[in-house]
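Working through the structure, step by step
If you want the building blocks of each chain, they are given just below.
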Amino acid sequence: MAVEPGRYRHYKGKFYQVIGTARHSETDELMVVYRPLYGEGGLWVRPEPMFQELVEVDGARVPRFARCDEE
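An account of the accompanying structure is given in this report. (Residues numbered from 1 in each chain as written. Predicted model: local features only at pLDDT ≥ 70, side-chain atom pairs only at ≥ 80, totals over all residues. Heavy atoms only, no water.)

**A few points about the environment of Glu56**
- Here Glu56 shows up in strand β5 (residues 54-57).
- The class of Glu56 is exposed, set by a relative accessible area of 59%.
- Distance in space between the C-alpha atoms of Glu56 and Tyr11 is 9.7 Å, their sequence separation being 45 residues. (Helix = DSSP H or I, 4+ residues; strand = E, 2+ residues; numbered from the N terminus. Buried < 20%, exposed > 50% of the residue type's maximum accessible area, 1.4 Å probe, protein only.)

The structure is reproduced here in structure tokens:
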């Protein structure tokens, strides 16, 4: 499932805006382009599988990033 642009909440609580996806020029790997909605707000990229993966928090598996309603 492709990551859609929009607002996401990281499992640690902060919010991020996904701009879209891009391909790595050398590996053709799909990357998610996003920016934090705090601080300087610079652009970041993360491999799409890592963006979508589940992480363990207090014994429960939760999404690393969860889509949120726009506010």
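**Overview of unusual backbone geometry**
- Positive phi values are uncommon outside glycine, yet Asp28 reaches one of about 65 degrees.
- With respect to the secondary-structure elements, Asp28 resides in the loop between β2 (15-23) and β3 (30-36).
- Here Asp28 falls in the partly exposed class, since its relative accessible area comes to 48%.

**Structural notes on the pairing of β2**
- Judged from the four bridges that link them, strand β1 (residues 6-10) and β2 form a sheet pairing that is antiparallel. Opposite Arg9, over in β2, you have Phe15 as the bridge partner.
- Connecting β1 to the antiparallel partner β2 that follows it, the hairpin turn spans four residues, and Gly13 within it adopts a positive phi of roughly 115 degrees.
- Hairpin connection, β2 to β3: the antiparallel pair is bridged by six residues, and Asp28 has positive phi, about 65 degrees. (Pairing = 2+ DSSP bridges.)

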